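Here are the chains, one letter per residue:
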Amino acid sequence: MKKRTWLIKLRKRKKMTQQEVASKAFIERSYYAQIESGIRKPSPEVTIKLGEVLDFHASSFNLEENPFSIALKNAPVILAHCDTQLRYTWIFNTPDLIPEDHIGKTDLELSENDGNRALMELKQDVLDRETPISRVISIPLSSGEIAYNVYAHPLLNEEGTIIGVATASTEIHNNRPDNVLEGN
């Protein structure tokens, strides 16, 4: 297992030490250090506690080892989680940037452009309406402008409270500008 740089970035964004995170999650600091370094995978209970302390969805740990990750690695699909401030807490398969560069940032902090503004608007609409929404959004990348069908849905914690938005973006081959397809 490789080092969980996304987890380290989330901890540092909160300006917390490993000891502080471990104390708030009711675990030993050495155990938490092993989780960050990728030596150990936390139990489901610890995963939930860490998510509460660092504001991420517990499924982030399961997604990193999911067999679908291998199938999706070279697919034109981007999966992501963000918090209620629309800052990334986890991302998989992103073009142009190292995934860890996204953690703790919004789309507009990564790059100000119309596509990222539309992506932020979609996520905010999901939070406001508390329902899944799908839209076609064009994003400028180094390889040119790519249109994605972006499906976004509320991300819930164990109590059913909205803690963010999860997105699945699939590259499409035509460049239809921001055609909106909404629904459940």
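Refer to the structure above for everything that follows.
Residues numbered from 1 in each chain as written. Predicted model: local features only at pLDDT ≥ 70, side-chain atom pairs only at ≥ 80, totals over all residues. Heavy atoms only, no water.

Attention now moves to the overall build of the protein. When you go through the protein residue by residue, the secondary structure sums to nine helices and six strands. Taking contacts inside the protein between residues at least 6 apart in sequence as the whole, the part at least 24 apart equals 48%. Accessible area for the protein stands at about 9,700 Å²; split by element, carbon and sulfur atoms hold 52% of it. (Helix = DSSP H or I, 4+ residues; strand = E, 2+ residues; numbered from the N terminus. Contact = heavy atoms within 4.5 Å. Areas by Shrake-Rupley, 256 points an atom, 1.4 Å probe, with all protein chains shown as cover.)

Another point: the environment of A147. By the secondary structure assignment, A147 is in strand β4 (residues 144-156). By relative accessible area, A147 is classed as buried at 0%. With 10 residues separating them along the chain, A147 and I137 place their C-alpha atoms 5.6 Å apart. (Buried < 20%, exposed > 50% of the residue type's maximum accessible area, 1.4 Å probe, protein only.)

Attention now moves to unusual backbone geometry. Backbone geometry places K15, a non-glycine residue, at a positive phi of 55°. Along the chain, K15 turns up in the loop between α1 (5-13) and α2 (18-24). Overall, K15 belongs to the exposed group, its relative accessible area being 73%. The phi angle at E130 is positive, at roughly 55°, despite the residue not being glycine. Tracing the sequence through the fold places E130 in the loop between α9 (114-129) and β3 (133-141).

This part is about the side chain of R11. The topology assignment puts R11 in helix α1. Discounting residues that sit within four places of it in the chain, R11 has contacts with M16, T17, Q18, V21, Y32, E36 and L54.

The next point concerns the nonpolar core. Membership of the largest hydrophobic core comes to 21 residues, with the highest contact counts inside it found for L119, L122, V126, I137, Y148, V150 and V165. Those elements that provide at least two residues to this core are β1 (77-83), β2 (88-92), α9, β3 and β4. The element that contributes the greatest number of residues to this core is α9, accounting for six residues. In this structure, W6, L7, I35 and L50 belong to the second largest nonpolar core, which totals 20 residues. (Core = buried A, V, L, I, M, F, W, Y, C linked by side-chain atoms within 4.5 Å.)

What follows is about the environment of R40. Relative to the helices and strands, R40 resides in the loop between α3 (29-37) and α4 (44-54). Overall, the relative accessible area of 39% leaves R40 in the partly exposed class. What R40 contacts, discounting residues up to four positions off in sequence, is R4, Y31, Q34 and I35.

Packing of α3 against α4 brings their axes to within 13 Å, and their N-to-C directions diverge by 85°. Looking at the two axes, α3 sits roughly perpendicular to α4. On α4, the residues touching Y31, Y32 and I35 of α3 are V46, L50 and L54. Residues of the contact of α3 with α4, tallied by class, amount to six nonpolar, no polar and no charged. (Axes fitted to C-alpha atoms, helices over the stretch in contact; angles between N-to-C directions. Parallel < 35°, antiparallel > 145°, perpendicular 65-115°, else oblique. Nonpolar A, V, L, I, M, F, W, Y, C, P; charged D, E, K, R; others polar.)

As a further point, take the pairing of β1. Counting buried positions over the seven residues of β1 gives six, a clear majority of the element. Sheet topology note: the β1/strand β5 (residues 162-172) ladder contains seven bridges and is antiparallel. Paired with A80 across the bridge in β5 is T167. Linking two consecutive strands that pair antiparallel, namely β1 and β2, is a turn of four residues; a positive phi of about 65° is found at L86 within it. (Pairing = 2+ DSSP bridges.)

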